[in-house]
Amino acid sequence: MKNVAEGINEFVTEEDEPILEHLTDVVVEDNIDAFKLHFHFSPNEYFSNTILTKEFKLKLGPSEDDPFNFDGPEIIAMKGMKIDWKSEDKNVTQRRMTRNQKNKKTGTTRTITKTIQTDSFFNFFSHVEWIEDREDMEEQLAETFHADITLGSFFRERLVPRAVLYFTGELGQFDEFDEDMDEEMDDVDDDADSDDDPDFKPSKKALRKATAKQEECKQQ
């Protein structure tokens, strides 16, 4: 799970890490205009759920008032589910704060306990009712909504299709290979300007470098 967490480290806190060690699988359930992410957990001391699910609705076409501005399907609504924490102390999404308050008139002191929300990966599941992307959405909710879009898209488009590479730690090698290949192709492009020369062909040296790098990665 450590390799997976590195891909979403900005959303994962130190308190989340021991819980995420119990994450055994992430499954994407795709439909035409929606998708679900199912997070499977082994039995643990934190919550009783064995599966936590996040649902997303998609808009498949452009807006009627702006038909030419369309970059593909986009998330327009989402909802999470209730996490059955085994105790308040195990709930990493909130913290209880206690302070003493003195009455100015009577001089008596009372203890006030307040529960506040804390940063946690598991806030990803916090909205158990559908929330929709709206222009009049409150700022804090809008930030949460778009952060969840980022996280949901990461799991659906990057992690699940390449889950084996994440769990084995090999993904970084492939990302490095992609970057190296981009650099090699830049060398090919710099060898001559294809726009000025219709008969442009990359140099044999540049092609050999790109091919050698590809073969080296395959043998790793």
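Reading the values: rules and limits
For every chain, the first residue of the written sequence is number 1, and numbering continues from 1 onward in sequence order. Owing to the predicted nature of the model, reporting of local features is limited to residues with pLDDT of at least 70; listing and counting of side-chain atom pairs is limited to 80 or more, with chain, interface and lining totals taken over all residues. Based on all heavy atoms of the structure, the side-chain values leave hydrogens and waters out of the count. UniProt positions are given in the numbering used here, feature names are shortened, and annotations may be inferred rather than shown by experiment. A helix here means a DSSP run of H or I that spans at least four residues, while a strand means a run of E at least two residues long, and both kinds are numbered starting from the N terminus. Three exposure classes are used, based on accessible area relative to the maximum for each residue type with a 1.4 Å probe and protein chains only: buried under 20%, partly exposed in between, and exposed over 50%. Only heavy atoms matter for contacts: two residues are in contact if any of them lie within 4.5 Å across the pair. To count toward a patch, a residue needs a relative accessible area over 30% and no salt bridge; like charges are then connected within 9 Å, while nonpolar side chains (Val, Leu, Ile, Met, Phe, Trp, Tyr) are connected within 5 Å. The protein chains shown are the only cover counted for residues, whose accessible areas, like all others here, come from Shrake-Rupley with a 1.4 Å probe. Any Lys or Arg side-chain nitrogen located within 4 Å of an Asp or Glu carboxyl oxygen qualifies as a salt bridge. Charge counting treats Lys and Arg as positive and Asp and Glu as negative, with His and both chain ends excluded. Lysine's charge is taken at NZ, arginine's at CZ, aspartate's at CG and glutamate's at CD. Polar contacts, as used here, are pairs of N or O atoms within 3.5 Å; protein pairs need one atom able to donate a hydrogen and one able to accept it. Residues neighboring in sequence count only if both atoms are side-chain atoms. Both site types are read off a 1 Å grid over the protein atoms alone. A 1.4 Å probe that fits but cannot get out defines a cavity, while an open set with protein on both sides within 12 Å along at least five of seven lines defines a pocket; lining residues have an atom within 4 Å of a point. Grid points are joined across faces, edges and corners, and a volume is the space filled by probe spheres set on the points. All amino acids are sorted into three groups, where Ala, Val, Leu, Ile, Met, Phe, Trp, Tyr, Cys and Pro are nonpolar, Asp, Glu, Lys and Arg are charged, and the leftover types, Gly among them, are polar.

Where an unreviewed UniProt entry is consulted, the protein appears under the name Nucleosome assembly protein 1 1-like, with the organism given as Tropilaelaps mercedesae. Regarding the protein, the relevant UniProt record gives this comment under Sequence similarities (unreviewed entry): "Belongs to the nucleosome assembly protein (NAP) family."

**As for the environment of E132**
Summarising the element assignment, E132 is placed in strand β7 (residues 131-132). Take E132: its relative accessible area is 46%, and that puts it in the partly exposed class. As for E132 and I76, which are separated by 56 residues in sequence, their C-alpha atoms are 5.8 Å apart. In this structure E132 touches I76, A77, M137 and F145, once residues within four positions along its chain are discounted.

**Describing a negative patch on the surface**
On the surface, E14, E15, E17 and E21 cluster together into a negatively charged patch. Summarising the element assignment, E21 is placed in the loop between α2 (17-20) and β1 (23-30).

**Describing the side chain of H38**
Considering the arrangement of structural elements, one finds H38 in strand β2 (residues 34-41). Using a relative accessible area of 15% as the deciding quantity, one classes H38 as buried. A polar contact is formed between the side chain of H38 and the side chain of T53, at a distance of 2.9 Å. Not counting residues within four places of it along the chain, the set of residues in contact with H38 comprises D25, V26, V27, E29, I51, L52 and T53.

**Considerations on the layout of surface pockets**
In this structure, the largest pocket spans a volume of roughly 470 Å³. Lining the largest pocket are 19 residues, and of these Q117, D119, S120, N123 and T144 lie nearest its centre. Top contributing element to the lining of the largest pocket by residue count: helix α3 (residues 139-159), with seven residues. For the lining of the largest pocket, a count of residues per class yields six nonpolar, nine polar and four charged.

**Observations regarding the environment of T115**
Looking at the element boundaries, T115 is found in strand β6 (residues 109-117). On the basis of relative accessible area, T115 is assigned to the partly exposed category, the value being 44%. On a C-alpha basis, the gap between T115 and M97 in space is 6.1 Å, while along the polypeptide they are 18 residues apart. Once residues within four sequence positions are removed from consideration, T115 is found in contact with Q94, R95 and R96.

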